[in-house]
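# Remarks on the overall topology
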Amino acid sequence: MDTSYPREDHKREPAPAAPGSPPPRDHLVWSIFNTIYMNFCCLGFVALAFSVKARDRRVAGDVEAARRFSSKAKCYNALATAGSVLLPLLLAALVITGVLHLSKLAQESVGFFTYQLSPSDDEDQ
């Protein structure tokens, strides 16, 4: 009985790099920055994992796999950066509009709180 994995028999040889094409970037620094400072929904950590995979594949000589992992790392880094920048801006905009609305509402309701239902005691005397 053969208990080996099917992948062990068919190991792929790394694709040779095309002459003149630059090696794919791994975006490792950007991924570390997103993981440490702006880890929105753990996207920075996922980007870091793909960046490390891209670097490993590039060192192993598999340029095509390195390009795929690099593309995924770039996508996750862009999503993490966009989410970490846009969400605080959206929250700040909501707070500002809420404060402006409440101040306008308070100014309009000043008349309601100063309205007297009965004449004052000074007029009775």
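The name an unreviewed UniProt entry assigns to the chain is IFM5 protein, from the organism Nyctibius bracteatus. Recorded in UniProt for the chain, the comment headed Subcellular location (unreviewed entry) runs: "Membrane". The UniProt entry for the chain carries the following comment under Sequence similarities (unreviewed entry): "Belongs to the CD225/Dispanin family."

A packed helix pair is summarised by two numbers, namely the angle formed by the two axes and the spacing between the axes. The contact between helix α2 (residues 28–36) and helix α3 (residues 43–60) brings their axes to 8 Å, and the two run at 155 degrees. Classed by the angle they form, the pair α2 and α3 counts as roughly antiparallel. Considering the relative orientation of α2 and α3, their crossing is left-handed. Touching L28, S31, I32, N34 and T35 of α2 are G44, F45, A47, L48, S51, V52 and R55, all from α3. Broken down by class, the residue content of the contact of α2 with α3 amounts to 6 nonpolar, 5 polar and 1 charged.

In this numbering, the UniProt entry assigns the feature "transmembrane region" (unreviewed entry) to residues 28–50 and 76–100. The span residues 28–50 is 74% helix and 0% strand, and its two end C-alpha atoms sit 9 Å from each other. What you have in residues 76–100 is 100% helix and 0% strand, and the ends, taken at the C-alpha atoms, are 36 Å apart.

Counting 5 residues, the largest nonpolar core is built from F50, A54, A65, F69 and A73. Sorting the residues of this core by element identifies α3 and α4 (63–108) as the ones contributing at least two each. Top element by residues in this core is α4. It accounts for 3 residues.

Turning next to the pattern of salt bridges. A complete count under the given rule lists 3 salt bridges for this structure. Residues D26 and R55 are paired through a salt bridge, measuring 2.5 Å at the closest nitrogen-oxygen approach. Of this pair, D26 sits in the loop between α1 (6–9) and α2 while R55 is found in helix α3, placing the two residues 29 residues apart along the sequence. Here R58 and D26 are joined by a salt bridge, their closest N and O atoms 3.9 Å apart. One end of the pair, R58, is in helix α3; the other, D26, is in the loop between α1 and α2, with 32 residues separating them in the sequence. One salt-bridge network, in which partners are shared between bridges, spans D26, R55 and R58.

We now examine the environment of A80. Along the chain, A80 turns up in helix α4. The exposure class of A80 is buried, given its relative accessible area of 0%. Linking A80 and N39, residues 41 residues apart in sequence, is a C-alpha distance of 6.8 Å. Leaving out residues up to four positions away in the same chain, A80 has contacts with N34, M38, F40, L43 and G44.

Parameters and conventions
Residues numbered from 1 in each chain as written. Predicted model: local features only at pLDDT ≥ 70, side-chain atom pairs only at ≥ 80, totals over all residues. Heavy atoms only, no water. UniProt positions renumbered as here; feature names shortened; annotations may be inferred. Axes fitted to C-alpha atoms, helices over the stretch in contact; angles between N-to-C directions. Helix = DSSP H or I, 4+ residues; strand = E, 2+ residues; numbered from the N terminus. Parallel < 35°, antiparallel > 145°, perpendicular 65-115°, else oblique. Left-handed = near helix turned anticlockwise from the far one by under 90°. Contact = heavy atoms within 4.5 Å. Nonpolar A, V, L, I, M, F, W, Y, C, P; charged D, E, K, R; others polar. Core = buried A, V, L, I, M, F, W, Y, C linked by side-chain atoms within 4.5 Å. Buried < 20%, exposed > 50% of the residue type's maximum accessible area, 1.4 Å probe, protein only. Salt bridge = Lys/Arg side-chain N within 4 Å of Asp/Glu carboxyl O.

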